[in-house]
Amino acid sequence: MTRRGFCRIMPALAAGSPLARSQVTSPAGNISVAGSVATFWADYVRPLQSVAHTFVERYRWLVTFEEAPLIYPGDYVDVTLNPAAGGRALAPRGGYLQFSFDVGPEGEPADPGLVLRTALEAYHRAGFPGRYELRAEEGYFHIVPTARADVTGVLRAVRSPLDATVTLEGGGRN
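By convention here, each chain's residues receive numbers from 1 onward along its written sequence. The predicted nature of this model means local features are confined to residues of pLDDT at least 70 and side-chain atom pairs, given and counted, to a pLDDT of 80 or more, with totals for whole chains, interfaces and linings taken over all residues. Note: side-chain values were computed over all heavy atoms of the structure, leaving out hydrogens and water.

Undergrad: Looking at this model, I keep getting lost on the overall build of the protein. Mind explaining?
TA: Strands are runs of DSSP state E lasting at least two residues, helices are runs of H or I lasting at least four, and both sets are numbered from the N terminus onward. Scanning the protein for helices and strands turns up four helices and nine strands. Reading the secondary structure of the protein in the N-to-C direction produces α-α-β-β-α-β-β-β-β-α-β-β-β. Relative accessible area decides the class of each residue, using a 1.4 Å probe on protein chains only: under 20% of the type maximum gives buried, over 50% gives exposed, and in between gives partly exposed. Classification of the 174 residues of the protein by burial places 40% in the buried group. For the protein, long-range pairs separated by at least 24 residues make up 55% of all intrachain contacts whose partners lie at least 6 apart in sequence. Roughly 10000 Å² of accessible area belongs to the protein as shown, and the carbon and sulfur atoms make up 54% of that amount. Contacts: residue pairs with any heavy atoms within 4.5 Å of one another. Residue-level accessible areas treat just the shown protein chains as cover; the underlying method is Shrake-Rupley with a 1.4 Å probe.

Dropping the structure here:
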């Protein structure tokens, strides 16, 4: 979980929200296998985080997830248990995500990239916040944001801060 994700979850937990207790406690999704088809499903506040977490745990794939910053009010929900207490607890608008993928005779997928792209397609079809793409680099799969809704709800391109070029002058430093 990112520091940003942790900072968003803590107010919901502190507010004692039922949503926070049920959907924030564990990102673990479920995978069931029937013959040569496996099905992933999860009901979680951050469905793509659930995908990444579950496939890391189940298949030991190296998967990272970076959430798009949410600024459009329709992309998050108020999970405050007691509004009279002051302050608000907000969580991303998550929910139920399900998709199926092929597995081999040993019950494991042959192509992790194909499975993760299937997950992204299911996420986008479900209408969850943000748009994402899969990048494969040096044995890792990165789920990174490519767009998010602005304050008016219009989808705008975003770049990951991790893609930024940072230059530091070395003068006087070792």
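Anyway, onward from the coordinates.
Undergrad: Is there a simple way to explain helix H4 (residues 112–126) in this structure?
TA: One turn of the α-helix equals 3.6 residues, which is why residues spaced by three or four share an orientation. To estimate the expected span of a helix, subtract one from its residue number and multiply by 1.5 Å. Over its 15 residues, H4 runs 21 Å from end to end, which matches the ideal 21 Å to within 8%, given 1.5 Å per residue. Considered for burial, the residues of H4 that qualify are Pro-112, Gly-113, Val-115, Leu-116, Ala-119, Leu-120, Ala-122 and Tyr-123. Tucked inside the fold, the buried residues of H4 contact helix H3 (47–59), strand E3 (63–65), strand E6 (95–102), strand E7 (131–137) and strand E8 (140–149). With a side-chain oxygen lying 3.1 Å from the backbone nitrogen of Gly-113, the N-terminal cap of H4 falls on Asp-111. By the criterion applied in these results, polar contacts are pairs of N or O atoms within 3.5 Å in which, for protein atoms, one can donate a hydrogen and the other can accept it, and in which residues neighboring in sequence qualify only through two side-chain atoms.

Undergrad: Which parts of the structure should I look at to understand the pairing of strand E1 (residues 30–34)?
TA: Moving residue by residue along a regular strand, the side chains alternate between the two faces of the sheet. Note: E1 against strand E2 (residues 37–44), five bridges, orientation antiparallel. Bridge pairing in E2 places Ala-34 opposite Val-37. Remark: two residues form the turn of the hairpin made by E1 and E2, two consecutive strands paired antiparallel; Gly-35 in that turn has positive phi of roughly 70 degrees. For two strands to count as paired, DSSP must find a minimum of two bridges between them.

Undergrad: I keep staring at the nonpolar core and nothing clicks. Help me out?
TA: As a rule of thumb, nonpolar side chains are buried together in soluble globular proteins. Throughout, nonpolar core names a set of buried Ala, Val, Leu, Ile, Met, Phe, Trp, Tyr and Cys residues whose side chains join them through atoms within 4.5 Å. Counting residues in hydrophobic clusters, the biggest one holds 28 residues, and the most contacted among them are Phe-40, Phe-55, Phe-99 and Phe-101. Of all the secondary structure elements, the ones that give two or more residues to this core are E2, H3, E3, E6, H4, E7 and E8. Here Phe-40 is in contact with Gly-29, Asn-30, Ile-31, Ser-50, Val-51, Thr-54, Phe-55, Leu-97, Gln-98, Phe-99 and Phe-101, once residues within four sequence places are set aside. The next biggest cluster of nonpolar side chains, apart from the first, holds five residues, and it includes Tyr-44, Val-45, Ala-89 and Ala-91.

Undergrad: Teacher, can you tell me more about the sheet that holds E6 here?
TA: Through backbone hydrogen bonds, the strands of a sheet pair up, either in parallel or in antiparallel fashion. Within the open sheet, the three strands sit side by side as E1-E2-E6. Their pairing is antiparallel. Edge positions in the open sheet fall to E1 and E6, since each of these has one partner strand only. Each strand axis lies, on average, 15 degrees off the axis of its neighbour in the sheet, ignoring direction. Together, E1, E2 and E6 form the strand contacts of H3, whose direction differs from that of E2 by roughly 130 degrees. Convention adopted: a line fitted to C-alpha atoms gives each axis, helices being fitted over their contacting stretch, and angles between N-to-C directions are expressed from 0 to 180 degrees.

Undergrad: Can you walk me through the side chain of Thr-80 in this structure?
TA: Within the secondary structure, Thr-80 is located in the loop between strand E4 (76–78) and strand E5 (90–92). In terms of polar contacts, Thr-80 uses its side chain to reach the side chain of Asp-78, at 2.5 Å.

Undergrad: Just to check I follow, could you spell out the packing of aromatic side chains for this structure?
TA: Aromatic rings from Phe, Tyr and Trp, with only the six-membered ring used for Trp, were paired whenever their centres fell within 6.5 Å, and each pair was classed as stacked if the ring planes differed by under 30 degrees, edge-to-face if by over 60, and tilted otherwise. All told, the structure shown has eleven aromatic pairs when counted by the stated rule. An angle of 25 degrees between the planes, with centres 5.2 Å apart, marks the rings of Tyr-59 and Trp-61 as stacked. Aromatic rings pair up to connect Phe-40, Phe-55, Tyr-59, Trp-61, Phe-99 and Phe-101 into one cluster.

Undergrad: Honestly, the pattern of salt bridges in this entry has me stumped. Any pointers?
TA: Two side chains bearing opposite charge may form a pair once their charged atoms approach each other closely. Salt bridges are identified by distance alone: a Lys or Arg side-chain nitrogen within 4 Å of an Asp or Glu carboxyl oxygen. Counting across every chain of the model gives five salt bridges. We note a salt bridge from Arg-46 to Glu-67, for which the minimum N-O separation is 3.1 Å. Here the residue Arg-46 occupies a position in the loop between E2 and H3, and Glu-67 occupies one in the loop between E3 and E4, the gap between them amounting to 21 residues. In this structure, the salt-bridge partner of Arg-156 is Asp-150, at a minimum N-O distance of 3.0 Å.

Undergrad: Any chance you could explain the confidence of the model for the protein here in plain terms?
TA: Parts of the model with low pLDDT should not have their predicted coordinates read in detail. Per-residue confidence for the protein averages 85 on the pLDDT scale, and 84% of its residues sit at or above 70. A residue's pLDDT is the confidence the predictor assigns to it, expressed on a 0 to 100 scale. At the low end of the mean pLDDT range in the protein sits helix H2 (residues 18–23), at 42; at the high end sits H4, at 98. Contacts of residues 1–24 to residues separated by more than four positions or lying in other chains number 42 contacts, the stretch itself having pLDDT below 50.

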